[in-house]
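Given next are the chains, with one letter for each unit.
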Amino acid sequence: MTSPADSIEIQNVVASTGIGQELDLEALADDLPGADFNPDNFPGLVYRTQNPKAAALIFRSGKIVCTGAKSIDDVHEALDIIFDKLRGLSIPVEEDPEITVQNIVSSADLGHNLNLNALAIGLGLEDVEYEPEQFPGLVYRMDEPEVVILLFGSGKIVITGGKQTDDATTAVEQIVERIENLGLLG
């Protein structure tokens, strides 16, 4: 049988960066084909890249948030495209702006149905939120790595809050071990 860690798929990587100067978003929206800017709905300009598929939220302050990418490499590629577009509009962008990963969302499959009521008690109520009337998943806050795991009765899980791709692997290995030790896997 394959390990649950082998089923991990990154669903979204969110990263931030900045170009260190204020931007005129109205002018940028006119000059950047495909850019969406509707300040009544959202204060930032949205620019989507197709390859890799990602969206950049560009703010007046010069801060940029990249979301929707499927890997850290894709974040860097998407932001490089955006930096090049800005440079092409004579907006000075330093050669290699610092990019900080804020969140990696991954999913995995434990391969077994889970008894969430038993898990809520077994994992310790101080680290767990489980209100099935409000949300069908159990929310488990892990300290190391510092991530939040959503566990569903189907055995599917979502890991959020990671800063490195290894965080999801470590989290899955640890949650599997905890659930096995409780005798609740399988």
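Everything quoted here is computed from the prediction, not taken from an experiment.

J.: Could you clarify how one ought to interpret the overall build of the protein in this entry?
T.: A count of helices and strands for the protein gives four helices and nine strands. Secondary structure elements of the protein occur, N-terminal to C-terminal, as β-α-β-β-β-α-β-α-β-β-β-β-α. Relative to the globule expectation of 16 Å for 186 residues, the C-alpha radius of gyration of the protein, 20 Å, shows a markedly less compact shape. Its C-alpha atoms put the protein at 60 × 35 × 25 Å along the principal axes.

J.: How do you make sense of the domain arrangement of the protein when you look at a structure like this?
T.: The accessible area lost on association of the parts is a frequent measure of interface size. For the protein, the assigned domains are domain 1 (14-99) and domain 2 (109-180). Computed from C-alpha coordinates alone, the two centres of domain 1 and domain 2 are separated by 34 Å.

J.: So what exactly am I meant to see when it comes to the sheet that holds strand β7 (residues 138-142) here?
T.: Backbone hydrogen bonds are what pair the strands of a sheet, in a parallel or an antiparallel way. One open sheet holds the nine strands; their spatial order is β2-β3-β4-β1-β5-β9-β8-β7-β6, and the pairing between them is antiparallel. Each having just a single partner strand, β2 (45-50) and β6 (128-129) make up the two edges of the open sheet. Strand direction decides the pairing type here: β7 and strand β8 (residues 147-151), joined by five bridges, are antiparallel. Across the sheet, Met-142 pairs through a bridge with Val-147, a residue of β8. Against the sheet, helix α2 (residues 72-88) touches β1 (9-18), β2, β3 (53-58), β4 (63-69) and β5 (100-109), its axis set at about 135° to β4.

J.: Explain a negative patch on the surface here, please?
T.: Together, Asp-73, Glu-77, Asp-80, Glu-94, Glu-95 and Asp-96 make up a region of like negative charge exposed at the surface. With respect to the element layout, Asp-73 can be found in helix α2. When its relative accessible area of 58% is taken as the criterion, Asp-73 is described as exposed.

J.: Where do I start with the nonpolar core in this structure?
T.: The nonpolar side chains of soluble globular proteins are, as a tendency, buried together. Ranked by internal contacts, the top residues of the largest apolar core, which has 28 residues, are Ile-19, Leu-28, Leu-45, Ile-58, Ile-64, Val-75 and Leu-86. Among the secondary structure elements, those contributing two or more residues to this core are β1, α1 (25-31), β2, β3, β4, α2 and β5. Counting residues per element, this core draws most heavily on α2, at six residues. Non-local contacts of Ile-19, meaning those with residues more than four positions away in its chain, are made with Gly-62, Ile-64, Phe-83, Leu-86, Ile-91, Pro-92 and Val-93. Among the nonpolar cores identified, the runner-up in size contains 23 residues, and Val-128, Ile-157, Ala-171 and Val-176 belong to it.

Each value, and the rule that gives it
- Residues numbered from 1 in each chain as written.
- Predicted model: local features only at pLDDT ≥ 70, side-chain atom pairs only at ≥ 80, totals over all residues.
- Heavy atoms only, no water.
- Helix = DSSP H or I, 4+ residues; strand = E, 2+ residues; numbered from the N terminus.
- Rg over C-alpha atoms; globule rule 2.2 N^0.38 Å.
- Domains from an automatic or database assignment.
- Pairing = 2+ DSSP bridges.
- Contact = heavy atoms within 4.5 Å.
- Axes fitted to C-alpha atoms, helices over the stretch in contact; angles between N-to-C directions.
- Patch = residues over 30% accessible without salt bridge, like charges linked within 9 Å, V, L, I, M, F, W, Y side chains within 5 Å.
- Areas by Shrake-Rupley, 256 points an atom, 1.4 Å probe, with all protein chains shown as cover.
- Salt bridge = Lys/Arg side-chain N within 4 Å of Asp/Glu carboxyl O.
- Lys, Arg positive; Asp, Glu negative; His and termini not counted.
- Charge placed at Lys NZ, Arg CZ, Asp CG, Glu CD.
- Buried < 20%, exposed > 50% of the residue type's maximum accessible area, 1.4 Å probe, protein only.
- Core = buried A, V, L, I, M, F, W, Y, C linked by side-chain atoms within 4.5 Å.

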